[in-house]
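Residue strings, one per chain:
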Amino acid sequence: MNIIEQIIAQKAGRKKVKAGDELSVPVDLVLAHDVTGPMAIEQFNKIGAARVYDKDKVAFVIDHNIPSSSVDSRRQHNILRDFHRQTGVKLYQRGEGVIHQVAAEEGLYKKGDIVVGADSHTCTAGAFGAIAIPVGATELAAVMALGTIDMEVPHAFLIKVEGTLRPGVYAKDLILYIIGKFGAHGFTDKAVIFSGDAIVNMSFEEKMTIANMAIEAGAMIGYVDQGEPIGAIAGTCVIQASDLEPQIACPYSPDNVKLVKEVEGTPITQVVIGSCTNGRISDLEIAAGVLKDKSISDAVTMIVIPASKRIAEQMEQKNLTKIFRDAGAIIANPGCGPCFGAHQGLLSAEDTAVSTTNRNFPGRMGHKEAKVYLASPRVAAESAIAGSIVDPKNVTSWEG
Amino acid sequence: MEKIKGRVFFLGDNIDTDQILPGYAMSVPLNELKKYALKGSQIPDFAEKVSPGDVIIGGKNFGCGSSREQAPVALKDSGVGAVVAATFAMIFRKNSVNIGLPAISSGCTERMKEEIDEGDYVEVDLESGTLLHLESGRTYPLNKFSEPASATLKAGGLIDRVRNILRERGELIDRRETQY
């Protein structure tokens, strides 16, 4: 058995499982946020379960519309608050940050656990060696009632990244390269295992960036090698880290990936740095390093959104807040920001943005004709100063 | 299962959930979601055009992106009887089945696009796994549902399946009247 099958077998109490087996697996952590949670609660009430299977294993995080962006979104907060009061499940409602970051900081992700989340980026938990499965509201309700999830053991694919990334190339460039290589449905229904010394030696922050975007290649599970034997995997791809140049996902799909140099000079009007993909302190340090003592272009609106309250505190301690403000950026409260297209920086049809987030589908961040380019915090910050897309290769030492 | 009969709407590859149900509409009350069905797509006025039983035929990776169940709910509530696509993104496919909206893959979607005109009537037979083009009488094979998906659809969705399990365990109370 490979590592994915081993974890599932152990949780399900079976000696052996193989890809394609249908089984019911106990769930260690159930997560939802303010735009998926309310529907899950409605479905849970329709089920009519006597109780939540384990209130200590269920957590809701208000992160998408916080503070509320509409009357309807406030109503969604109140549904979560009522349910929290009635059942005792955990609720993070004080602007603690994006669900996947908050869960990581609170130590909710544990190696070998089964995590079920009503958010497609639940795969972020794979950075910590959890098997994390994204679901919709009804399936989340079923899990809250039963404490188990019915699943088909997925086929696994191994991506081994060896060597060292070059200066100006980051975890974001690597995952964009992988998504571009395999396509938006390259791993549909599969588990992807990220391994190799380039990945194993990364910080947890970087591993989260990698695992976070596994869904952008369609994966059911994104799992980062925790140093244990991976076992036999049918499909394997080896990537040499030092071959990579800065990458950028062009409109209108995360798999429309090009080299930054191919689109260098494209005029831009907005830069977004944040999200569950790239809103952590190391990301903000990279961006602040570029922006120190500089001003962003007059043509650009720049929004910085730390992924959590804890990161916002670190930003202040490290004096990054001042660097961003002095450069002309707007600093928003921890949360999802404009990433999912409801508030805090929506684009009109004429706008072009560089964003460190994870999706650039039509309408994702506002008008459906608005163009969103997905890139690393480094590319985003350099581009904010220039007012056009910049390849860091041209402003950093580069050995090639 | 009953046959589904309606007109055809065609969509392309990689129809993501932002196109099916835009992010800003995720907070509207559930009974209003149908107004936003496919609002972000190439058919932004879909909600006014659709009639009960109509069938969407898409390409590869239909429903990719977000886990928002609001997307299939908007389609189902707007009247869509079934979604046929070359392939589906996993979460969308499961969400659809869980709410009782058949999401069926088929290896023939390219041929359907060539041989069927938008707006033509088709009949989807889930039992036999076929799509019938009424005008020409041609049939196109659809892939079979997995056993669990088939059981969920027959139960009318996942909620009723879970209710049956809890009833057997004696852990069911009736809270259906709870309103939010």
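Here the structure is a predicted model, which is why all the values come from computation and not from measurement.

K.L.:
Would you mind going over helix α8 (residues 204–212) of chain A with me for this structure?
P.N.:
An α-helical segment advances 3.6 residues per turn. Residues three or four places apart therefore align on the same side. All of the buried residues in α8(A) are A:Lys207, A:Met208, A:Thr209, A:Ile210, A:Ala211 and A:Asn212. In the core, the buried residues of α8(A) are packed alongside α4 (99–105), α6 (171–182), β9 (191–195), α7 (197–200), β10 (221–224) and α10 (275–278) of chain A.

K.L.:
Looking at this structure, how should I read the domain arrangement of chain A?
P.N.:
Accessible area lost when the parts come together is the quantity often used to give the size of an interface. Residues and elements named next belong to chain A. If you check the domain split of chain A, you get domain 1 (22–149), domain 2 (156–243) and domain 3 (247–390). Taken over C-alpha atoms, the centre of domain 1 sits 27 Å from the centre of domain 3. The interface of domain 1 with domain 3 comprises 17 residues on the first partner and 17 residues on the second. Where domain 1 abuts domain 3, roughly 1500 Å² becomes buried across the two surfaces, and 55% of that area is made up of carbon and sulfur atoms. Viewed at the interface, domain 3 and domain 1 are joined by 2 salt bridges. Two residues, Arg310 and Glu106, come together in a salt bridge whose shortest N-O distance is 3.9 Å. Applying the counting criterion to the domain 1 and domain 3 interface returns 9 residue pairs in polar contact (both at pLDDT 80 or more).

K.L.:
Hey, could you run me through the sheet that holds strand β4 (residues 103–105) of chain B in this one?
P.N.:
Across a sheet, paired strands are connected by hydrogen bonds in the backbone, their directions being either parallel or antiparallel. Residue and element names in this part refer to chain B. Spatially, the 7 strands line up as an open sheet ordered β4-β3-β2-β1-β5-β6-β7, and their pairing is mixed. Because the sheet does not close on itself, it has two edges, and the strands there are β4 and β7 (139–141). The mean inter-strand angle of the sheet, taken between neighbouring strand axes irrespective of direction, is 30 degrees. Sheet analysis places strand β1 (residues 4–10) next to strand β5 (residues 121–125), joined by 4 bridges and oriented antiparallel. Opposite Gly6, over in β5, you have Val122 as the bridge partner.

K.L.:
Looking at this structure, I do not really get the sheet that holds β9(A). What am I missing?
P.N.:
All names here are of chain A. Taken together, the 4 strands give an open sheet; going across it, the order is β10-β9-β8-β11, and neighbouring strands pair in parallel fashion. Looking along the sheet, the strands with just one partner apiece sit at the ends: β10 and β11 (235–240). Ignoring strand direction, the axes of neighbouring strands in this sheet form an average angle of 20 degrees. As defined by bridge partners, β9 adjoins β10 across 4 bridges and the pair is classed as parallel. Residue pairing for β10: Phe194 is matched across the bridge by Val224.

K.L.:
Would you take a moment to explain the interface of chain B and chain A for this structure?
P.N.:
Each side of the interface is counted separately: chain B has 52 residues, and chain A has 51 residues. In this assembly, chain B packs against chain A so that about 4200 Å² is buried in total across both faces, 56% of it on carbon and sulfur atoms. The interface formed by chain B and chain A holds 3 salt bridges in total. A:Asp150 serves as the salt-bridge partner of B:Arg161, at 3.3 Å between the closest nitrogen and oxygen. Between the two partners, chain B and chain A, sit 20 residue pairs in polar contact (both at pLDDT 80 or more). Every element with two or more residues in the side of chain B that touches chain A is listed here: α1 (17–20), α3 (70–78), α4 (90–98) and α7 (158–169) of chain B. In terms of residue count, α7(B) provides more of the side of chain B that touches chain A than any other element does, 8 residues in total. Of the residues belonging to the side of chain B that touches chain A, the class tally is 23 nonpolar, 15 polar and 14 charged.

K.L.:
Mind showing me how you'd approach the nonpolar core here?
P.N.:
Generally speaking, nonpolar side chains in soluble globular proteins are found buried as a group. The biggest cluster of nonpolar side chains holds 183 residues, and the ones touching the most others in it are A:Met302, A:Phe324 and B:Leu75. The greatest single-element share of this core, amounting to 8 residues, is contributed by helix α5 (residues 137–146) of chain A. For B:Leu75, the residues in contact, after removing those within four places along its chain, are B:Ile20, B:Ala37, B:Leu38, B:Phe46, B:Ile56, B:Val80, B:Val83, B:Phe92 and B:Leu101.

Rules of the game
- Residues numbered from 1 in each chain as written.
- Chains lettered and ligands numbered in written order.
- Predicted model: local features only at pLDDT ≥ 70, side-chain atom pairs only at ≥ 80, totals over all residues.
- Heavy atoms only, no water.
- Buried < 20%, exposed > 50% of the residue type's maximum accessible area, 1.4 Å probe, protein only.
- Helix = DSSP H or I, 4+ residues; strand = E, 2+ residues; numbered from the N terminus.
- Contact = heavy atoms within 4.5 Å.
- Domains from an automatic or database assignment.
- Buried area = accessible area lost by both parts, 1.4 Å probe.
- Salt bridge = Lys/Arg side-chain N within 4 Å of Asp/Glu carboxyl O.
- Polar contact = N/O pair within 3.5 Å; in protein donor to acceptor, adjacent residues only side chain to side chain.
- Pairing = 2+ DSSP bridges.
- Axes fitted to C-alpha atoms, helices over the stretch in contact; angles between N-to-C directions.
- Nonpolar A, V, L, I, M, F, W, Y, C, P; charged D, E, K, R; others polar.
- Core = buried A, V, L, I, M, F, W, Y, C linked by side-chain atoms within 4.5 Å.

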